[in-house]
Amino acid sequence: MLLLVCLFGCTHSLRSPQHKIALIHSYQRGYSNAERINKLFASELKKNGLQCEIKSYYLNCEKYGSTDEERRISGFIDDSSIWGADLIAVLDDQATYSLMACNHPKIRKIPVVFSGVNYPNMELLQQYPNVTGYIDKPDYLKTCQMIERIMGKVCIHVIKGGTFLDKIIWKDLEKQCTGHNINIRDRVNERILNISPDSLENKKFSPFDSEKPTELSYLDTTMIAKLVSDSVPARRLLWMASGVFDYSLFLYTKRDFTTLRIGSLFDNPGFETINEGFGTNDYMLGGYFTPIEIQIKDMAAGIKERLNKKIPGRQLQQCAKQYVVNWVTLEKYKIPEERIPEEYIIMYKPFSKKYSTLILIIKIVVGIFLLLFVSYLIYIYGREKKRKQDALRNLKYEHELLSLAMESGNTYAWRFDGEKAIFDSQFCELIHYDSPQMHFDDMAKFIHPDERGKFLHQVTNISDHPKRTAQYRCKFTGEYQWWEFRYKQICHNDNIHIITGLLQNIQEVKDKEEELIQARKVAERAELKQSFLDNMSHEIRTPLNAITGFSNLLTTEKDLSEEEKQEFISIINDNTDLLLKLVNDVLELSRIESGNMSFNYREESVRSLLNSIYNTHQLTISSPLKFIKEFPEGDVFVHIDNMRMTQVITNFLNNAKKFTKSGHIKLGYRHQPASREVHIFVEDTGAGIPKEELQIIFDRFYKHNEFAQGVGLGLSICKVIVGKMQGRIEVTSEINKGSRFTVVLPCL
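Just so we're clear, the structure is a prediction, and the values are computed from it rather than from any experiment. The written sequence of each chain sets the order in which its residues are numbered from 1. Residue-level local features of this predicted model are given only where pLDDT is at least 70; pairs of side-chain atoms are given and counted only at 80 or more, and the full residue set underlies all totals for whole chains, interfaces and linings. The basis for every side-chain value is the complete set of non-hydrogen atoms in the structure, without hydrogens or water.

## Some words on the overall build of the chain
Then, number 1: The secondary structure listing takes helices from DSSP runs of H or I that are at least 4 residues long and strands from runs of E that are at least 2 residues long, numbered from the N terminus. In terms of regular secondary structure, the chain is built from 22 helices and 27 strands.
Then, number 2: Counting over 748 residues, the chain shows a buried share of 42%.
Then, number 3: Counting contacts in the chain only where the partners sit at least 6 residues apart, residues at least 24 apart contribute 65% of the total.
Then, number 4: For the area figures, the Shrake-Rupley method with a 1.4 Å probe applies, and any residue is considered shielded solely by the protein chains shown. For the chain, the exposed area adds up to about 43000 Å²; of that, 54% sits on carbon and sulfur atoms. Relative accessible area decides the class of each residue, using a 1.4 Å probe on protein chains only: under 20% of the type maximum gives buried, over 50% gives exposed, and in between gives partly exposed. Here, two residues are considered to be in contact whenever any of their heavy atoms come within 4.5 Å of each other.

Here it is in structure tokens:
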């Protein structure tokens, strides 16, 4: 838990802190640029890596006087202070001026960044060193020159009001434009205003026309006319702006109610020296100013700097200006894009128009690709169609061959529909059955009684096996013959399983198999007899040679010592016993083959039987071997032949003595009440038997060591004897660790 807390704390500390920023607009809520500015502001702050919560305020400066504006903005400051604002951002001249003019004490304690100011009040600004910002001082000369380059020689109308800002604007305009071949007039030339619409014969003229009407030939330079709306009759103003003069247009120098309304009356596109409304009003073509996107971008960078406790080197910074043109307005007034100089920036151009060449190339490439793709599909379709035709032809050919093959043999087709088997007509004729459909219960009547249960069981589970082959004796033609049922499940696209198959008479095959089996048995018996004779001749020759050889030595050699004579006699006796055992094994095998092996069954005590065997072999197993018995408490009784069981256990003990040089030999038994069995075992610590030989040690004539004595019949005889007594032999062994032979018998 502590680790999770630490990780959460580290992660939280790596994130940028959450800042609260109060954004004050100069105009009313919902004005033309409000929503766009709010989105741009939030986006640019995020791009600068600032996690900010923004609260917007709207001064609505066009509605209120200066006193009310200062009172409202003081309320904004109090509210943002309670909210916990870290910084105040201000947009445009009026809100910036009112913020400083209200003289609120908290303004000096919080960072303030303004933007979009055209004419800052330097006297007030010097009183607030904590207030920094970005200005966009209007450049009237470059804007007028831009108008002239696009529209030609025109009459530019500028609103002149009676406010302090109007006086500053007109003074600055005259200062910039004087001496630059621009005619500045306090009012529109009376000669122009007195021209009636009838004298122009209702004809409109464009600044792009090559010829000017003779009546207006005196307009040989760009003219700026002061437009005081209070001094111009409304009818004359509307007539002048209605488009009769195609060379008459409006220049926006400030944002107020009068400017917006009068500017919208002109039929020709307007130009601006400020960015207010650019991009939202489609009658404003462009101008030389700082676009709102750059203004907000610079402002966001300044806010990041102030939030990082840094003060800019300059309190005021001029935003970068651009010659910008609104593409939407170009389209509206049908102004050719070729008329726009290359250094001018055309904004808000749709992606499809801006990258029309690239899109055309992409369309061509996509068209070519689609054409190639369709061609490829046609090629694939043609190839697939040909392949299907070939497949159908081959299928028809194979069907004919299959039909011929089935007609010439005893093979019949069938299928299963979920309830009944449906056979072909030839099979129905064979069994004299009227309907090609047959229920499996009716089919079972033809099956041999010994195999009918197996048939019905497999039919019940027919859908559980996707593929199966089964053979039954069936009485289809008057006698039982072997028939083979084979089927396979086929799944269609709708996941419906269909079972189809073949029914074939295999009696001839079974007859051939039986002949082969009998021939193989005859060959195996002949091979077994030959192998038996070979083994017996080898095994009998060895002791006979020893008996004959040492007997001759005893009779011919006169110089033998008594010790040597006794050794030779011992060798003769051992080989005589071996020869006798070989003869007995052969006799036992003969009785097994003939089925004449007799058994005398009676109830025997396992404890008494093993005690007797232990006492007999205790004297023959000497040091370094230990002979151990392991008998549990209590006795167990079995129904066996005492002599035959003694023969089996003795064989196990003799084998253990033969292959165990050190350690122990253990004789014992264990009672298993749960299975009602007794396990009699002989365990040794000898050489052990390889795992791969455990399955063949009971085969006749098998010998692990070809040079060891014996013909390899002992274990084979033991297995038959134990089997006759309803038991079994189990063997476990490990190389160099010993073996364990266990006789498992049922208890009484």
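## Some points on the pattern of salt bridges
Then, number 1: Salt bridge, as used here, is a side-chain nitrogen of Lys or Arg placed within 4 Å of a carboxyl oxygen of Asp or Glu. Under the criterion given, the structure shown has 27 salt bridges.
Then, number 2: When the shortest N-O distance is used, the salt bridge between Asp 68 and Arg 71 registers 3.7 Å. In this pair, Asp 68 and Arg 71 both sit in helix α3 (residues 66-83), 3 residues apart, roughly one turn of the helix.
Then, number 3: By relative accessible area, which is 33% here, Asp 68 ends up partly exposed.
Then, number 4: Notably, a salt bridge pairs Lys 332 with Asp 282, separated by 3.3 Å at the nearest N-O pair.

## Overview of the nonpolar core
Then, number 1: Residues belong to one nonpolar core when they are buried, are Ala, Val, Leu, Ile, Met, Phe, Trp, Tyr or Cys, and are joined through side-chain atoms within 4.5 Å. Membership of the largest hydrophobic core comes to 50 residues, with the highest contact counts inside it found for Phe 41 and Ile 303.
Then, number 2: If one sorts the elements of this core by residue count, helix α11 (residues 292-307) sits on top with 6 residues.
Then, number 3: Phe 41 has contacts with Ile 21, Leu 23, Ile 54, Ala 89, Ile 296, Met 299 and Ile 303, leaving out every residue within four places of it along the chain.
Then, number 4: Formed by 43 residues, the second largest nonpolar core is a distinct cluster that contains Val 682, Cys 718, Leu 745 and Cys 747.

## A closer look at the side chain of Gln 507
Then, number 1: Relative to the elements of secondary structure, Gln 507 occurs in helix α18 (residues 507-556).
Then, number 2: For Gln 507, the contacting residues outside a window of four places in its chain are Tyr 480, Gln 481 and Trp 482.

## Examining the packing of helix α2 (residues 34-47) against α11
The relative placement of two packed helices comes down to the angle between their axes together with the axis-to-axis distance.
Then, number 1: Helix axes use the C-alpha atoms of the stretch in contact, all axes being lines fitted to C-alpha atoms, and the angles between their N-to-C directions lie in the range 0 to 180 degrees. Two elements in contact, α2 and α11, have axes separated by 9 Å at closest approach and are oriented at 40°. The pairing of α2 with α11 is recorded here as oblique in orientation. With respect to the hand of their crossing, α2 and α11 are arranged in right-handed fashion. When α2 is examined against α11, the residues Arg 36, Ile 37, Leu 40, Phe 41, Glu 44 and Leu 45 are found in contact with a partner set consisting of Ile 292, Glu 293, Ile 296, Lys 297, Met 299, Ala 300 and Ile 303.
Then, number 2: Note on residue classes: Ala, Val, Leu, Ile, Met, Phe, Trp, Tyr, Cys and Pro are nonpolar, Asp, Glu, Lys and Arg are charged, and everything else, Gly too, is polar. Within the contact of α2 with α11, the residues separate by chemical class into 9 nonpolar, no polar and 4 charged. Our angle categories are set so that under 35 degrees counts as roughly parallel, over 145 as roughly antiparallel, 65 to 115 as roughly perpendicular, and the remainder as oblique. Should the near helix be turned counterclockwise from the far one by less than a right angle, the crossing is left-handed, whereas a clockwise turn marks it as right-handed.

## Some remarks on the environment of Arg 415
Then, number 1: With respect to the helices, strands and loops of the structure, Arg 415 is situated in strand β15 (residues 411-416).
Then, number 2: Discounting residues that sit within four places of it in the chain, Arg 415 has contacts with Lys 420, Ala 421, Ile 422, Ile 499 and Thr 500.

## A closer look at the sheet that holds strand β22 (residues 626-630)
Then, number 1: Judged by pairing direction, the sheet is mixed, and its 5 strands sit side by side in the order β22-β24-β25-β27-β26 without closing on themselves. Each end of this open sheet is capped by a strand with a single partner; those strands are β22 and β26 (728-734). Here the average twist between neighbouring strands, direction ignored, is 15°.
Then, number 2: As paired elements, strand β24 (residues 664-672) and strand β25 (residues 677-684) share 8 bridges and run antiparallel to each other. From the neighbouring strand, Lys 666 faces β25, where its bridge partner is Glu 683.
Then, number 3: Helix-sheet contacts for helix α20 (residues 606-618) involve β22, β24 and β25, and the interaxial angle to β24 is about 180°. DSSP-based pairing: two strands are paired if at least 2 bridges between them are found.

## Things to note about the sheet that holds strand β12 (residues 316-318)
Then, number 1: The strand order across the open sheet formed by 6 strands is β2-β1-β3-β4-β5-β12, and the pairing between neighbours is parallel. Two strands in the sheet have a free side with no partner beyond their single neighbour: β2 (51-58) and β12. Strand-to-strand twist across the sheet, computed as the mean angle between neighbouring axes with direction ignored, equals 20°.
Then, number 2: Bridge count between strand β4 (residues 112-117) and strand β5 (residues 131-135): 4 bridges; the pairing is parallel. Note that in β5 the partner of Val 113 across the bridge is Thr 132.

## Some thoughts on unusual backbone geometry
Then, number 1: Backbone geometry at Lys 334 places phi at a positive 55°, although glycine is not the residue there.
Then, number 2: Position of Lys 334 relative to the elements: it lies in the loop between α12 (327-332) and β14 (345-347).
Then, number 3: We note that Asn 736 has phi near 65°; this positive angle belongs to a residue other than glycine.
Then, number 4: Mapping Asn 736 onto the fold places it in the loop between β26 and β27 (738-746).
Then, number 5: The class of Asn 736 is exposed, set by a relative accessible area of 65%.

## Here we look at the pairing of β2
Then, number 1: In terms of strand pairing, strand β1 (residues 18-25) meets β2 through 8 bridges, oriented parallel. Residue pairing in the sheet places Ala 22 in a bridge with Lys 55 of β2.
Then, number 2: Crossover connection from β1 via α2 to parallel β2: handedness right-handed. When the strands point away from the viewer and the path from the first strand over the helix to the second turns clockwise, the crossover is right-handed.

## Overview of the side chain of His 25
Then, number 1: Looking at where His 25 falls in the secondary structure, it is placed in strand β1.
Then, number 2: Classification of His 25 as buried rests on a relative accessible area of 0%.
Then, number 3: Side-chain polar atoms of His 25 contact the side chain of Tyr 31, separated by 2.8 Å.
Then, number 4: If near-sequence neighbours (up to four positions away) are discounted, His 25 is found in contact with Tyr 31, Ala 34, Ile 37, Asn 38, Ser 56, Tyr 57, Tyr 58, Leu 59, Leu 91 and Ala 95. Contacts described as polar in this section are N or O atom pairs within 3.5 Å, which, within protein, must combine one atom able to donate a hydrogen with one able to accept it, while residues neighboring in sequence count only if both atoms come from side chains.

## Concerning the environment of Leu 579
Then, number 1: Take Leu 579: it is sitting in helix α19 (residues 562-594).
Then, number 2: For the pair Leu 579 and Pro 543, spaced 36 residues apart in sequence, the C-alpha to C-alpha distance is 6.2 Å.

## A few points about the pairing of strand β13 (residues 322-326)
Then, number 1: Bridge count between strand β11 (residues 284-289) and β13: 4 bridges; the pairing is antiparallel. In the sheet register, Phe 289 faces β13, and the bridge partner there is Gln 322.
Then, number 2: As judged from the 3 bridges shared by β13 and β14, these two strands associate in the parallel manner. If you follow Val 325 over to β14, its bridge partner there is Ile 346.
Then, number 3: Of the crossover connections in this fold, the one passing from β13 over α12 to the parallel β14 is right-handed.

## Let's talk about a negative patch on the surface
Then, number 1: Each patch is built from residues that are more than 30% exposed by relative accessible area and take part in no salt bridge. Like charges join if they lie within 9 Å; nonpolar side chains (Val, Leu, Ile, Met, Phe, Trp, Tyr) join within 5 Å. Lys and Arg are tallied as positive, Asp and Glu as negative. Neither His nor the chain termini are counted. Every charge is mapped to an atom, namely NZ of Lys, CZ of Arg, CG of Asp or CD of Glu. On the surface, Glu 508, Asp 511, Glu 514 and Glu 515 cluster together to form a negatively charged patch.
Then, number 2: Within the secondary structure, Glu 508 is located in helix α18.
Then, number 3: Glu 508 gets classed as exposed once you look at its relative accessible area, which sits at 59%.

## Details of the environment of Ser 81
Then, number 1: Looking at the element boundaries, Ser 81 is found in helix α3.
Then, number 2: Take Ser 81: its relative accessible area is 36%, and that puts it in the partly exposed class.
Then, number 3: As a C-alpha pair, Ser 81 and Ala 22 span 59 residues in sequence and 9.2 Å in three-dimensional space.

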